[in-house]
Amino acid sequence: MRLADYLSRESEPLRSELERFFANFPADAPVSPLTLPAGKFLIRQDDPCGAVYILLEGQTTTLASQPGYNTYAFWDFEAIELFGEYEVLSEMTSYLAEVKAKTRCRFLMISAQTYMDWMMRDGRMFLSRVRSVLQTLVRQTAQERRSLFLDGTARMMQFLARYYEKNAKKGAAVTVAMTRPAISEEIGFCTRTVNRSLHRLAEEGVVTIQHGKVRLTAKQYEMLSTELEQRTFR
C-alpha cells in the first residue's frame, strides 16, 4: 500500500498531522498498517532488524533483558514515535530491545531501506530524528544512572511516582490498574520483592492497599516524591 492511499483513509486531525510528518516521504515506497492489542510484542530483542515501525496511536513500553535477570521496562512512548531507527541508523543487524503494546496500538511498518531513502531526501526530517534519538538516549541514560543502585523498595517508589504523574487528574487519588507480575516486569524485580516493597510502603503510610489494589493519594505522592529524592541524591 502506498502512503497516500493509507492517509486517505485516516480521519482528522491525525491525517493532517501525518501529512506534515510524511511531507517528503518517498511517494512510491510501500507502507504496511499493523494493529496490536495491549500486551502483544511489536519487536523482540535480538530479532533480525529489517524494518522501522511508526506508532500512530496508543502507548508502548520498551523492555530489555539479560540472561539471569528479570526483564526491565525502561521507557514508555506515545504517538507519533519510531521504533527500530536506532538500529537502522547504526547499521545494527538485530533489535537492541523489545517493544510491547501497553494499550491497543496502530503502526505503519516501512522497510529499513525506505527509512534511509526518506532520511536522505529530507534533511530537515533527518536532523529532527537524530535530535529525537539523542534526546531519548540522554533521558534514558540519566534515568539508568539514577536507578542503578536503587533497591527494590526505591525502584517501586520510582514506579509509583511516575504512575501517579501520568494518571492523576486534578490531585485525585489513583489506583494502580496493574497486576503484581506486571509491576514486577515494569521495575525489574521479582513478584516477591514487589509484594514485600508494597507491604513496607503501606506500613509507612506512603501507599494504601485496598482489596489487593494499590492506591495513592496526592498527599502520599508528595511523601513518596520527597523520600525518593532523598534516596536518589543523598
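Refer to the structure printed above.
Please read these numbers as outputs of a predicted model, since none were measured by experiment.

The rules behind each value
- Residues numbered from 1 in each chain as written.
- Predicted model: local features only at pLDDT ≥ 70, side-chain atom pairs only at ≥ 80, totals over all residues.
- Heavy atoms only, no water.
- Salt bridge = Lys/Arg side-chain N within 4 Å of Asp/Glu carboxyl O.
- Buried < 20%, exposed > 50% of the residue type's maximum accessible area, 1.4 Å probe, protein only.
- Helix = DSSP H or I, 4+ residues; strand = E, 2+ residues; numbered from the N terminus.
- Arc of directions from axis to C-beta.
- Axes fitted to C-alpha atoms, helices over the stretch in contact; angles between N-to-C directions.
- Parallel < 35°, antiparallel > 145°, perpendicular 65-115°, else oblique.
- Contact = heavy atoms within 4.5 Å.
- Nonpolar A, V, L, I, M, F, W, Y, C, P; charged D, E, K, R; others polar.
- Polar contact = N/O pair within 3.5 Å; in protein donor to acceptor, adjacent residues only side chain to side chain.
- Pairing = 2+ DSSP bridges.

Caption draft 1: Broad picture of the pattern of salt bridges. Evaluation of the coordinates by the stated rule reveals nine salt bridges. Put simply, Asp5 and Arg2 hold a salt bridge, and the shortest N to O gap is 3.7 Å. Of the residues examined, Arg2 reaches a relative accessible area of 36% and is grouped as partly exposed. Measuring nitrogen to oxygen at the nearest pair gives 3.4 Å for the salt bridge that ties Glu12 to Arg15. On the basis of relative accessible area, Arg15 is assigned to the partly exposed category, the value being 26%.

Caption draft 2: Quick peek at helix α4 (residues 112-121). Residues of α4 that are buried: Thr114, Tyr115, Trp118 and Met119. Viewed along the axis of α4, the buried residues span an arc of 135 degrees, placing them on a single side of the element. Opposite the buried face of α4, by more than 90 degrees, sit the exposed residues Gln113, Met120 and Arg121.

Caption draft 3: Main features of the packing of helix α6 (residues 152-167) against helix α8 (residues 191-203). Direction vectors running N to C along α6 and α8 enclose 75 degrees, while the axes themselves pass 9 Å from each other. Put simply, α6 runs roughly perpendicular to α8. Counting all contacts with α6, which are made through Gly152, Thr153, Met156, Met157 and Leu160, the residues of α8 involved are Thr193, Val194, Ser197, Leu198, Arg200 and Leu201. Taken together, the residues that form the contact of α6 with α8 break down as six nonpolar, four polar and one charged.

Caption draft 4: Fine view of the side chain of Glu10. The residue Glu10 is located in the loop between α1 (3-7) and α2 (14-21) in this model. Residue class for Glu10 comes out buried when judged on its relative accessible area of 8%. A distance of 2.7 Å separates a polar atom in the side chain of Glu10 from a polar atom in the side chain of Arg106. When sequence neighbours within four positions are dropped, the list of residues in contact with Glu10 reads Arg15, Leu18, Leu56 and Arg106.

Caption draft 5: Seen up close, the sheet that holds strand β1 (residues 32-36). An order of β1-β8-β3-β6 is seen for the four strands of this open sheet, with the pairing classed as antiparallel. Edge positions in the sheet fall to β1 and β6 (81-83), since each has one partner strand and no second. Strand after strand, the sheet turns through a mean of 30 degrees between neighbouring axes, direction not considered. Relative to strand β8 (residues 105-111), strand β3 (residues 51-57) runs antiparallel, the two sharing six bridges. In the strand pairing of β8, Tyr53 is matched with Met109. Each of β3, β6 and β8 touches α4; the most contacted strand, β8, lies at about 80 degrees to it.

These values are about where atoms sit, not about what they do.
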